[in-house]
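# Reading the structure
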Amino acid sequence: MKKRIENLDLIRAVAILLVILCHSIEAIYSMGLIEWESLSIKSQFFRMTFFTLSRIGVPLFLFLSGCLLLNRNYENEKDVKNFYLKNFLNLFICVEIWNILYTIFLLIFPVRSWSIKEGVESLFFLKQVNLPNMWYMPMILGLYLFIPVLATVVKKFNFKYILLLMIPSIFIFFVLPYINKLTDIFYGIKINSILNLSFSGGIYGIYLILGFLIYNQKILKKISNKILILLLFVSFITTCIYQIILFKNKVNYNLWYDFVGILACSIVLFELLSRIKLNLTNKTKALITLISRISLAIFFIHIIIIKVLTYYFNFYIINKPLTVLLLCSITFILSCIIILIFQKCPFIKKRIFMIK
């Protein structure tokens, strides 16, 4: 077994908890503009801050993929073949199994509309399974296809040149659309670019490359922790303020990973967590390592638990913020218990949960 890297285990554990938090918020709140206007100030504050925080989970996972996979050697045909057989193929098989399991669940579950035909289409990636977590898997599989090529490029070029090439993509993918939202609201003006930058990998490819540059190339090493914390605070507050401006102007917006504020928050938090010196007890380290190892299994199974809990049980207690926290906590605990029970079967552990 490869030696665990404590900081990366911590990042992965934080990331999966944020993903569960995100889906718990979406399960309790309708996330629409109409609901926002009807909420109390406290509930608006909770939804805004915790949902913004929860959106950092996916970028952290992408950063981890970038720093781990792009740092490998793909010098010859054997290296590339091993990657596709051990990494890509195993993940592909796992995703296909979950497509089948999700289809069975959706056919039985009395709320979501789903058919066998749609289930077959999901196996060929012609349609996404009707659950909010499964957009991620076709995206990451698509990125995996080009990992050996991308790794060869980023390791041979000086990081300054790579960043220079990424600046236009970051501006067009992360900045320009949100400038346009504001200029459209206040001035009725939009600026459109006709540059085709799809070859850059899009927003998720940028996260992948940045993960490699931040962790492996140490491009932020000269920035002090105090400055990073300040940047995290400013970028987080700016992201919240931007959403408030849109809501105040009757724009129905659901924060996504292509917003520059989320990119900035994710970069800073990833750097802070990767450099923090952990002085933990052995039990705490073991717990973080366990959560990290089963994080992919949690990713797959937690969404079923959320759907079942919110349908069959009255989870609404006192107010929505407390309900979200309760749902998130119970979902996490139940996910871990179920995984620890079923991982005793070697096939489930390897193929369905992909626990290493």
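Check the entry above for the structure.
Keep in mind that this is a model prediction, so the values were computed, not measured.

### Describing the packing of aromatic side chains
As enumerated under the stated definition, the model contains 30 aromatic pairs in all. Geometrically, the ring pair formed by Phe-109 and Tyr-312 is edge-to-face, given 6.4 Å between the ring centres and 75 degrees between the ring planes. With Phe-109 in the loop between helix H5 (77-108) and helix H6 (116-123) and Tyr-312 in helix H14 (residues 295-312), this pair connects stretches of sequence that are 203 residues apart. Among the residues examined, Phe-109 registers a relative accessible area of 7% and is labelled buried. Members of the aromatic cluster, connected to one another through ring pairs, are Trp-98, Tyr-102, Trp-135, Tyr-136, Tyr-204, Trp-256, Tyr-257, Phe-299 and Phe-300.

### Considering a nonpolar patch on the surface
There is a patch of nonpolar side chains on the surface, built from Ile-100, Leu-101, Ile-104, Leu-107, Ile-108, Ile-116, Val-120, Phe-124 and Leu-126 and spanning about 910 Å² of accessible area. Those elements that provide at least two residues to the nonpolar patch are H5 and H6. If you tally residues by element for the nonpolar patch, the top one is H5, at five residues. Tracing the backbone shows Phe-124 in the loop between H6 and helix H7 (136-144).

### Some thoughts on unusual backbone geometry
The phi angle at Met-31 is positive, at roughly 70 degrees, despite the residue not being glycine. Looking at where Met-31 falls in the secondary structure, it is placed in the loop between helix H1 (6-28) and helix H2 (33-38). Accessibility expressed as a relative area gives 10% for Met-31, which makes it buried. In this model, Lys-250 sits at a positive phi of 65 degrees, which is unusual for a non-glycine residue. As for its placement among the helices and strands, Lys-250 is situated in the loop between helix H11 (225-248) and helix H12 (260-275). Looking at Lys-250, the relative accessible area reads 55%, which means it is exposed.

What counts and how
- Residues numbered from 1 in each chain as written.
- Predicted model: local features only at pLDDT ≥ 70, side-chain atom pairs only at ≥ 80, totals over all residues.
- Heavy atoms only, no water.
- Phe/Tyr/Trp six-rings, centres within 6.5 Å; stacked < 30°, edge-to-face > 60°.
- Helix = DSSP H or I, 4+ residues; strand = E, 2+ residues; numbered from the N terminus.
- Buried < 20%, exposed > 50% of the residue type's maximum accessible area, 1.4 Å probe, protein only.
- Patch = residues over 30% accessible without salt bridge, like charges linked within 9 Å, V, L, I, M, F, W, Y side chains within 5 Å.
- Areas by Shrake-Rupley, 256 points an atom, 1.4 Å probe, with all protein chains shown as cover.
- Salt bridge = Lys/Arg side-chain N within 4 Å of Asp/Glu carboxyl O.

Distances and angles like these do not, on their own, reveal function.
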